[in-house]
Amino acid sequence: MDVVVAGQGYVGLTLAVRAAEVGHRVLGYDVDLHRINQLTAGESYVEDVTSTQLRAVLDTGAYSATADAAALAGYDIAVITVPTPLRDGVPDLSYIETCARTLGAHLRPGAAVVLESTTYPGTTEELLLPILEETSGLKAGDFLAGFSPERIAPGNKKRWSFDGTPKLVSGIDAKSLDTIKGFYAGIFRTTVPVSGTKVAELAKLIENTFRFVNISMINELATLAAALGVDIWEAIDAAATKPFGFTRFTPGPGVGGHCLPVDPMFLSWKAQEELGVPFRFAELAADVNRQMPDYVVRRLAEALDKRGRPVSGSRILLLGLTYKINATDLRESPSARVAELLISLGADVRGADPNIPDGDDTKLNVPLVDANAEEMTASDAVVLLMDHARFDLAMIEKHAPYVFDCRNRLSGPNVETL
Ligand code: SAJ
């Protein structure tokens, strides 16, 4: 089939290349010309798509990239994989709206539009369909539509492959569901049809709210356990020996990324907007997680005080600045808040992260240095925020005069853990 994937980020590009590999003729559409030029040149900027894979589907013509909306004409299926950010707690669906107008202009009877972007329940039927009808002149039903949430865990393909992750599918009517299920069944080993788009939209939010709330609970427990003098890490390991009814989460310096801190707030906004009631778990979890960077700085200040060193004027090295272990993404990373607080207290702060792509350090609020013995020795304190696999933990233990370890990876007389 002729497939358009609108939005060529880590979700859209991964889907587009897989769809091309299984035989569809795929057009990767994005408004970012720089991205389109990189793709056309065979340069992948997405962790789960190699440039070799990209070049292979470019060479056969199965995949091509464009920023030209006119090129979209004639699609059988169009998948929307654009960002849905929160702006001051309010969902910004403007990228979906713009994309829907572009796709609507080329929507033909019998063609399908699938929304994958994470959003609150009701978006497909209350926002997407009216725009598609208005811009195409067709009625929903003449064209097909549905929602199918993305479930990509960036950089985690060793645990779950892209096509090995079950894919939820939904449609506005039976024909839509059948067509959309058929499309994804050609790409994913398992497709899971649900009764309607709102169920699929809510399911996605349940998945990530579950994580967000449980991480916040373990974060709060970590602060209590530290004050009680109980090793939270050993207690979690002990609890995790329970083979049923338990999912292991670990404390950290905060919850970053553009999924977990964002997705639950879609539900929170919808509940308040439509029902006038708060989604209390999301609000509480956000509050706890948001305070973790401040907690880390408080613990560090206490440790430095004990060593007769005020934070002000201390040289502090932050290890692991991206939002999660082994990730390259800096979005919503707790490291930025930790750095901001330390700088406000007068510390001389540096950062080290081998995962940050060259040139991305412009988004940092601290100078980037190498995680080497000299930097460790020259620091008054080192904070292990993200325990990237590329860090030499033994070297850190050996050369850092003091380490505040947020990941329980280090040991020694100079190490304290969160
Ligand atoms: N975090 C903790 N403790 C934990 C787990 C995570 O502090 O026990 C922190 C991480 O350091 C990070 C944040 O939470 O700052 C989010 O971590 P995450 O493991 O949830 O990673 P994300 O945000 O990339 O979540 C994505 C989600 N995937 C999709 O939405 C499709 C999530 O559902 C996946 O479970 C997750 O990847 C994954 O498992 O990699």
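Parameters and conventions
Residues numbered from 1 in each chain as written. Predicted model: local features only at pLDDT ≥ 70, side-chain atom pairs only at ≥ 80, totals over all residues. Heavy atoms only, no water. Axes fitted to C-alpha atoms, helices over the stretch in contact; angles between N-to-C directions. Helix = DSSP H or I, 4+ residues; strand = E, 2+ residues; numbered from the N terminus. Contact = heavy atoms within 4.5 Å. Nonpolar A, V, L, I, M, F, W, Y, C, P; charged D, E, K, R; others polar. Pairing = 2+ DSSP bridges. Core = buried A, V, L, I, M, F, W, Y, C linked by side-chain atoms within 4.5 Å. Buried < 20%, exposed > 50% of the residue type's maximum accessible area, 1.4 Å probe, protein only. Domains from an automatic or database assignment. Buried area = accessible area lost by both parts, 1.4 Å probe. Salt bridge = Lys/Arg side-chain N within 4 Å of Asp/Glu carboxyl O. Polar contact = N/O pair within 3.5 Å; in protein donor to acceptor, adjacent residues only side chain to side chain.

**Student:** Is there a simple way to think about the packing of helix α5 (residues 123-136) against helix α7 (residues 197-228) in this case?
**Tutor:** Each pair of packed helices can be summarised by the angle the axes make with each other and by the distance between the axes. Running from N to C, α5 and α7 point in directions that differ by 115°, and their axes come no closer than 8 Å. Every residue of α7 that contacts α5 at Thr123, Thr124, Glu125 and Glu126 is listed here: Thr197, Lys198 and Glu201. When its residues are assigned to classes, the contact of α5 with α7 shows no nonpolar, three polar and four charged.

**Student:** What exactly am I supposed to notice about the environment of Asp59 here?
**Tutor:** Locating Asp59 in the fold gives a position in helix α3 (residues 51-60). When the C-alpha atoms of Asp59 and Gly42 are compared, they prove to be 9.3 Å apart, with 17 residues separating the residues in sequence.

**Student:** Can you help me understand the sheet that holds strand β4 (residues 77-80) in this one?
**Tutor:** Strand-to-strand pairing in sheets goes through backbone hydrogen bonds, with the strands running parallel or antiparallel. Sheet architecture is open: six strands sit in the order β3-β2-β1-β4-β7-β8, paired in parallel fashion. Only two strands of the sheet have a single neighbouring strand rather than two, namely β3 (63-66) and β8 (144-147). The average angle at which neighbouring strand axes cross in this sheet is 20°, direction not considered. Across the sheet, helix α4 (residues 94-104) touches β1 (2-6), β2 (25-29), β4 and β7 (112-115), and the angle it forms with β4 is around 170°.

**Student:** What's the story with the nonpolar core in this structure? I'm lost.
**Tutor:** One recurring pattern in soluble globular proteins: nonpolar side chains tend to sit buried together. Core analysis: the biggest nonpolar cluster contains 80 residues, and Tyr63, Tyr184, Leu300, Ile316, Leu318, Leu342 and Val383 have the highest contact counts within it. Discounting chain neighbours no more than four positions away, the residues touching Tyr63 are Gln8, Leu13, Ala16, Ala20, Val26, Gly28, Leu39, Leu54, Val57 and Leu58. Within the second largest apolar cluster, 35 residues are counted, among which are Leu27, Leu93, Ile131 and Trp269.

**Student:** Explain the domain arrangement of the protein here, please?
**Tutor:** By convention, interface size is frequently given as the accessible area that disappears when the constituent parts associate. When its domains are assigned, the protein resolves into domain 1 (2-195), domain 2 (204-289) and domain 3 (291-417). With centres defined by C-alpha atoms, the gap from domain 2 to domain 3 works out at 23 Å. In this assembly, 18 residues from domain 2 lie in contact with 18 residues from domain 3. Area buried by domain 2 at its contact with domain 3 is led by Trp233, Pro253 and His258, which between them contribute 43% of it. Applying the counting rule to domain 2 against domain 3 returns zero salt bridges. There are eight residue pairs in polar contact (both at pLDDT 80 or more) connecting domain 2 and domain 3. Counting residues per element, the ones that place at least two in the side of domain 2 that touches domain 3 are α7 and α10 (280-290). The element that contributes the greatest number of residues to the side of domain 2 that touches domain 3 is α7, accounting for four residues.

**Student:** Where do I start with the environment of Thr135 in this structure?
**Tutor:** Structurally, the position occupied by Thr135 is in helix α5. According to the relative accessible area criterion, Thr135 is partly exposed, its value standing at 28%. Distance in space between the C-alpha atoms of Thr135 and Ala105 is 5.4 Å, their sequence separation being 30 residues. Those residues in contact with Thr135 that sit more than four places away from it in its chain are Ala100, Arg101, Gly104 and Ala105. Within the structure, Thr135 has its side chain in polar contact with the backbone oxygen of Ile131 (distance 2.7 Å).

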